[in-house]
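The residues making up each chain are set out below.
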Amino acid sequence: MIYPRFNNRYTLETEPAEWIVTGYSVFQHLLSPKFLCHNSAPPLGGEIRLYTLHNWPYPGRPLYFPPLVEGEEEVSQIGGRHFPSKENCRVLNVGCGNSLLGEHMLRDGYKDVVNVDYSSVVIKKLKEKYTPDFFVDLKESLDRSLRLRNQLGLVDTRDDHASESNNVVPLPKMTFEVADATLYIPHPDESFDIIILKKTLDMILCSEGSIASAKQMMSECFRLLKKDHGVMIILSSAKPEDRAFFFEQNPWMGVENIRLPSKEDGQYWDQRRGHERKTIQAYAYILYK
């Protein structure tokens, strides 16, 4: 269970806080077909081998190496594994806090984002912030953007994000729920295509009974992911050798380890107010069900 002090912190904190990477663009590429469409076929006709973080010899590269295809970033199927389009994809943001991650994903084209957090205070504040007017305004903004892209010839007529008849996008949907992810998240099995934990696993491991709680949360996320294509993305400041244990308890198809850009690479990380400024190295772990 997370420390109750989080309710107190969110009572006082009014501005959004990102516990790790500050910019959505730092890890946005992980939501491209290149990463989401995990290649379930053996590379170049070879024998299938499911690597883990302990024995993967190429850090930062995909578990398998399918041949590059033209327009790879635009396709929704690579290596025989299909992944839904943004419009049809359901996302779960576990331990959302008051991060802007959910809003960024809506602006990026996702239409159904569910945010859960242990803190009833932060969930109440988010519901007050994201009123129905917000979603109406966001839809109008996305409609204008789509029409402009259409006029410039930047929208493929085969793109299922677009409506060919009137150039509008569906009304984005984002919900907020109080739930303890270390116990149970009240959704049926296989409810989500993508699950994102942004620093959440790290925070769980700073709490009482951390090992058991983290294992339970990982199993709960595994339950909620759709089989055959479900993907969980964990953003963490912990090195692979410190997190591999939690990735091997469930029968994942594979795990990919990616080192995200550091401050020295031109990206800046959020520093909590009142804490000493220091560079934080971040990692992304992509788990395939």
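All figures in this text were calculated on a predicted structure; none of them were measured in a lab.

Caption draft 1: The overall build of the protein chain, seen in detail. Each helix and strand counted, the protein chain has eight helices and nine strands in total. When contacts within the protein chain are restricted to residue pairs at least 6 apart in sequence, long-range pairs at least 24 apart make up 78% of them.

Caption draft 2: Representation of the pairing of strand β7 (residues 231-236) within the structure. Among the six residues that make up β7, six are buried, leaving the element largely enclosed by the rest of the structure. Covered by surrounding structure in β7 are V231, I233 and L235 together with M232, I234 and S236, the residues of both alternating faces. Note: strand β6 (residues 194-198) against β7, five bridges, orientation parallel. The residue bridging I195 from the neighbouring strand is M232, located in β7. Sheet topology note: the β7/strand β9 (residues 283-288) ladder contains six bridges and is antiparallel.

Caption draft 3: Structural detail: a nonpolar patch on the surface. Among the surface-exposed residues, L148, L152 and L154 lie close enough to one another that they form a single nonpolar patch of about 320 Å² accessible area. Relative to the helices and strands, L148 resides in helix α5 (residues 132-151).

Caption draft 4: View of the packing of helix α7 (residues 210-224) against helix α8 (residues 240-247). Direction vectors running N to C along α7 and α8 enclose 60 degrees, while the axes themselves pass 9 Å from each other. One finds that α7 runs oblique with respect to α8. Residue-level inspection shows I211, A214, K215 and M218 of α7 in contact with α8, the latter providing F245, F246 and F247. Here the residues of the contact of α7 with α8 sort into six nonpolar, no polar and one charged.

Caption draft 5: Region of interest: α7. Taking 1.5 Å per residue as the helical rise, α7 with its 15 residues ought to reach 21 Å, and the 21 Å between its terminal C-alpha atoms agrees with that figure. The set of residues buried in α7 consists of S210, S213, A214, M217, M218, E220, C221, F222 and L224. If you follow the buried residues of α7, they end up packed against β3 (90-94), β6, α6 (200-204), β7, α8 and β9.

Caption draft 6: Structural detail: the pattern of salt bridges. Within the structure shown, the criterion is met by 10 salt bridges. A salt bridge links E220 to R223, with the nearest nitrogen and oxygen atoms 2.6 Å apart. In this pair, E220 and R223 both sit in helix α7, three residues apart, roughly one turn of the helix. Linked by salt bridges that have partners in common, D189, E220 and R223 make up one network.

Caption draft 7: Just the sheet that holds β9, in detail. Taking strand neighbours across the sheet as the criterion, the seven strands line up as β5-β4-β3-β6-β7-β9-β8 in an open arrangement whose pairing is mixed. Sheet topology places β5 (173-178) and β8 (254-259) at the edges, where each strand pairs with a single neighbour. For this sheet, the mean angle separating the axes of adjacent strands, direction not counted, is 15 degrees. Where helix α4 (residues 120-129) meets the sheet, its contacts fall on β4 (112-117) and β5, and the angle it forms with β5 comes to roughly 155 degrees.

Caption draft 8: Summary view of the environment of M218. Along the chain, the position of M218 falls in helix α7. Separated by 29 residues in the primary sequence, M218 and F247 place their C-alpha atoms 7.8 Å from one another. Those residues in contact with M218 that lie beyond four places of it in its chain are M232, I234, F246, F247, Q249, N250, W252 and L287.

Caption draft 9: Region of the structure containing α4. Those residues of α4 that sit buried are V122, I123 and L126. Down the axis of α4, the smallest arc covering the buried residues is 100 degrees, so these residues share one side.

Caption draft 10: Region of the structure containing the confidence of the model for the protein chain. Per-residue confidence for the protein chain gives a mean pLDDT of 78; residues scoring 70 or more make up 71%. This stretch, residues 157-165, has a pLDDT under 50; its non-local contacts, to residues over four places away or in other chains, come to 11 contacts.

Calculation notes
- Residues numbered from 1 in each chain as written.
- Predicted model: local features only at pLDDT ≥ 70, side-chain atom pairs only at ≥ 80, totals over all residues.
- Heavy atoms only, no water.
- Helix = DSSP H or I, 4+ residues; strand = E, 2+ residues; numbered from the N terminus.
- Contact = heavy atoms within 4.5 Å.
- Buried < 20%, exposed > 50% of the residue type's maximum accessible area, 1.4 Å probe, protein only.
- Pairing = 2+ DSSP bridges.
- Patch = residues over 30% accessible without salt bridge, like charges linked within 9 Å, V, L, I, M, F, W, Y side chains within 5 Å.
- Areas by Shrake-Rupley, 256 points an atom, 1.4 Å probe, with all protein chains shown as cover.
- Salt bridge = Lys/Arg side-chain N within 4 Å of Asp/Glu carboxyl O.
- Axes fitted to C-alpha atoms, helices over the stretch in contact; angles between N-to-C directions.
- Parallel < 35°, antiparallel > 145°, perpendicular 65-115°, else oblique.
- Nonpolar A, V, L, I, M, F, W, Y, C, P; charged D, E, K, R; others polar.
- Expected span 1.5 Å × (residues − 1).
- Arc of directions from axis to C-beta.
- pLDDT = per-residue confidence, 0-100.

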